[in-house]
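So you can see what is in the structure, the chains are spelled out below.
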Amino acid sequence: MTTSNNNSSPRTSVALVVTSIAGPNAILTTLARGCQEHGYRFIVIGDVPSPKDFKLEGCEFFSLEDQYQTGLKLATLAPTRHYARKNLGYLLAQRAGAEVILETDDDNIPGENFWQARERKQSARVVSDHGWVNVYRYFSEAMLWPRGFPLEHVRDDLPPRASLKTADVDCPIQQGLVNENPDVDAIYRLVSSLPQSFAAGDSLALAPGSWCPFNSQNTAWWRDAFPLLYLPAYCSFRMTDIWRSFVAQRIAWANDWSVLFHAPNVWQERNEHNLMRDFRDEVPGYLHNKEIGDALAKLEVKAGVERLGENLLLCYEQLVRLDLIDAKELDLINAWSADLQNL
């Protein structure tokens, strides 16, 4: 592990986790500086193409070799050259004592409000028992939809924002929106215009019975929900965080948790992408996202923080039965659960 920090490996209650194959670029430097100023731990997970001499003050960088030496079962089992190696960052943050894990990507620039203290319990406008909810439409007048949103529901009518009641809700998973280059799918990028930005406004909470995909680009997780951070490795790269979000939401319902969506606090200068390759990798989602929601909704998921691990396995077993994720994923989930037990 490369640690460049005046206070070697401080034990802090908030950790920011990123995976990157870049060197210490301007955005990573900005994130590291912000973490230093606010007392956050900053963990960056590398992969095969990562520079061998990565050094950045305020950052704990874990190369592949460092990851193998952590003693985590998942480190040796998880595929390389895959975004899901970010799971190692989540585990290391928990091992270091984090009570809140923030995650973003190396092409997201934090605004000043990104560093503000966060509260798990929120007062927000609530949508419950409404099925698929295109949250972007509550923050923008443009015809936008989140990556992973079932295309057959993009134009569905939604309750007007003014009609939604405000309530106090428990939200151990909170998704921040992203300005300039928000997380939209390849179809949108191929046929519509960017940049797009979102209006500030009241946060929106999706209560049990309401779905919307959320991503891993600007998300906060509280300790009770940490087991649900798991990113699947044996599925499309463009679906790993989306299908994670469906699993997490289904299990959140059983615990009467809401998922909060709030106004933007980062903006994105997107890394280079091949849009047709993104489209190809998103096809499993275009075809099956609604089916996944329907299948997960029918599962008998049990309440209780102590049951999150077995519920996680239950949900991914269903995705294996649907032939959407390879059965090898279950070995990784068992390793994840074992690592959580041993932290």
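Being a predicted model, the structure only gives us computed values, none of them experimental. (Residues numbered from 1 in each chain as written. Predicted model: local features only at pLDDT ≥ 70, side-chain atom pairs only at ≥ 80, totals over all residues. Heavy atoms only, no water.)

### Quick word on the overall build of the chain
- A tally of helices and strands in the chain yields nine helices and 14 strands.
- Scaling as 2.2 N^0.38, a compact globule of 343 residues should have a C-alpha radius of gyration of about 20 Å, and the chain matches this with 19 Å.
- Overall, the C-alpha framework of the chain stretches about 50 × 40 × 40 Å when taken along its three principal axes.
- Long-range pairs, those at least 24 residues apart, make up 79% of the contacts in the chain with a sequence separation of at least 6.
- With an accessible surface of roughly 14000 Å², the chain has 47% of that area assigned to carbon and sulfur atoms.
- Side-chain charges of the chain comprise 33 positive and 44 negative groups, with the mean position of each set lying 2 Å from the other. (Helix = DSSP H or I, 4+ residues; strand = E, 2+ residues; numbered from the N terminus. Rg over C-alpha atoms; globule rule 2.2 N^0.38 Å. Contact = heavy atoms within 4.5 Å. Areas by Shrake-Rupley, 256 points an atom, 1.4 Å probe, with all protein chains shown as cover. Lys, Arg positive; Asp, Glu negative; His and termini not counted. Charge placed at Lys NZ, Arg CZ, Asp CG, Glu CD.)

### Remarks on the confidence of the model for the chain
- The pLDDT averaged across the chain works out to 94; a share of 97% of its residues lies at or above 70.
- The low-confidence segment residues 4-11 (pLDDT under 50) makes 18 contacts with residues lying over four places distant or belonging to another chain. (pLDDT = per-residue confidence, 0-100.)

### Looking at helix H1 (residues 26-38)
- Between the first and last C-alpha of H1 there are 18 Å, a value that for 13 residues agrees with the 18 Å anticipated at 1.5 Å per step.
- Where H1 is buried, its residues touch strand S2 (14-19), strand S3 (41-45), strand S5 (100-104) and strand S6 (108-110).
- In this structure Asn-25 caps H1, since a side-chain oxygen of it lies 3.2 Å from the backbone nitrogen of Ile-27.
- Looking one or two residues past H1, Gly-39 carries a phi angle of roughly 75°, positive in sign. (Expected span 1.5 Å × (residues − 1). Polar contact = N/O pair within 3.5 Å; in protein donor to acceptor, adjacent residues only side chain to side chain.)

### Points about empty space enclosed by the protein
- Under the definition given, this model contains one cavity of 30 Å³ or more.
- If you add up the space inside the largest cavity, you get close to 100 Å³.
- Of the residues forming the lining of the largest cavity, the biggest block, four residues, is contributed by strand S10 (residues 173-179).
- Of the residues contributing to the lining of the largest cavity, the split by class is ten nonpolar, three polar and two charged. (1 Å grid on protein atoms, 1.4 Å probe; cavity = no way out; pocket = protein on both sides within 12 Å on 5 of 7 lines; lining within 4 Å. Points joined across faces, edges and corners; volume = space filled by probe spheres on them. Nonpolar A, V, L, I, M, F, W, Y, C, P; charged D, E, K, R; others polar.)

### Side note on helix H8 (residues 308-321)
- Between the first and last C-alpha of H8 there are 20 Å, a value that for 14 residues agrees with the 20 Å anticipated at 1.5 Å per step.
- In this structure, the buried side of H8 is in contact with helix H6 (240-254), helix H7 (275-297) and helix H9 (329-342).
- Asp-323, located one to two residues past H8, shows a positive phi value of around 65°.

### Here we look at the packing of aromatic side chains
- Enumeration over the complete set of coordinates arrives at 15 aromatic pairs.
- Ring pairing ties together the aromatic residues Trp-132, Phe-149, Trp-211, Phe-246 and Trp-253, which thus form one cluster.
- It is Arg-118 that lies over the ring of Phe-114; its NZ or CZ is 5.0 Å from the centre.
- The ring of Phe-139 carries the charged tip of Arg-161 above its face, separated from the ring centre by 5.0 Å. (Phe/Tyr/Trp six-rings, centres within 6.5 Å; stacked < 30°, edge-to-face > 60°. Lys NZ or Arg CZ within 6 Å of the ring centre and 35° of its normal.)

### As for the pairing of S5
- Along S5, five of the five residues are buried, which leaves the element largely enclosed by surrounding structure.
- Where burial is concerned, the two faces of S5 agree: the one with Val-100, Leu-102 and Thr-104 and the one with Ile-101 and Glu-103 are both buried.
- Inspection of the sheet shows S2 paired to S5 by four bridges, in the parallel sense. Residue Val-14 lies in a different strand from S5, and its bridge partner there is Val-100.
- As paired strands, S5 and strand S13 (residues 218-222) are joined by five bridges and run antiparallel to one another. Counted as the bridge partner of Leu-102 is Ala-220 from S13. (Buried < 20%, exposed > 50% of the residue type's maximum accessible area, 1.4 Å probe, protein only. Pairing = 2+ DSSP bridges.)

### As for the layout of surface pockets
- Here the largest pocket defines a volume of roughly 860 Å³.
- Along its surface, the largest pocket is lined by 30 residues, and Ile-21, Tyr-83, Phe-237, Asn-271 and His-273 are the ones closest to its centre.
- Elements with a minimum of two residues in the lining of the largest pocket: H6 and H7.
- At three residues, H7 tops the list of elements feeding residues into the lining of the largest pocket.
- Residue composition of the lining of the largest pocket, grouped by class: five nonpolar, ten polar and 15 charged.
- A volume near 320 Å³ is recorded for the second largest pocket.
- Forming the walls of the second largest pocket are 13 residues, and the residues nearest its centre are Gln-94, Pro-227, Val-305, Leu-340 and Gln-341.
- Where the lining of the second largest pocket is concerned, the elements lending two or more residues are H8 and H9.
- Element by element, the count of residues in the lining of the second largest pocket is highest for H9, at three residues.

### Here's the deal with the pairing of S3
- The buried fraction of S3 is high, at five of five residues.
- Neither face of S3 is exposed, since Arg-41, Ile-43 and Ile-45 on one face and Phe-42 and Val-44 on the opposite face are all buried.
- Sheet analysis places S2 next to S3, joined by five bridges and oriented parallel. Looking at the pairing, Thr-19 lines up with Ile-45 of S3.
- Chirality of the crossover, the property in question, places the unit of S2, H1 and S3 among those that are right-handed.
- Here S3 runs beside strand S4 (residues 59-62); their pairing, made up of three bridges, is parallel. Opposite Val-44, over in S4, you have Phe-61 as the bridge partner. (Right-handed = clockwise from strand over helix to strand, strands pointing away.)

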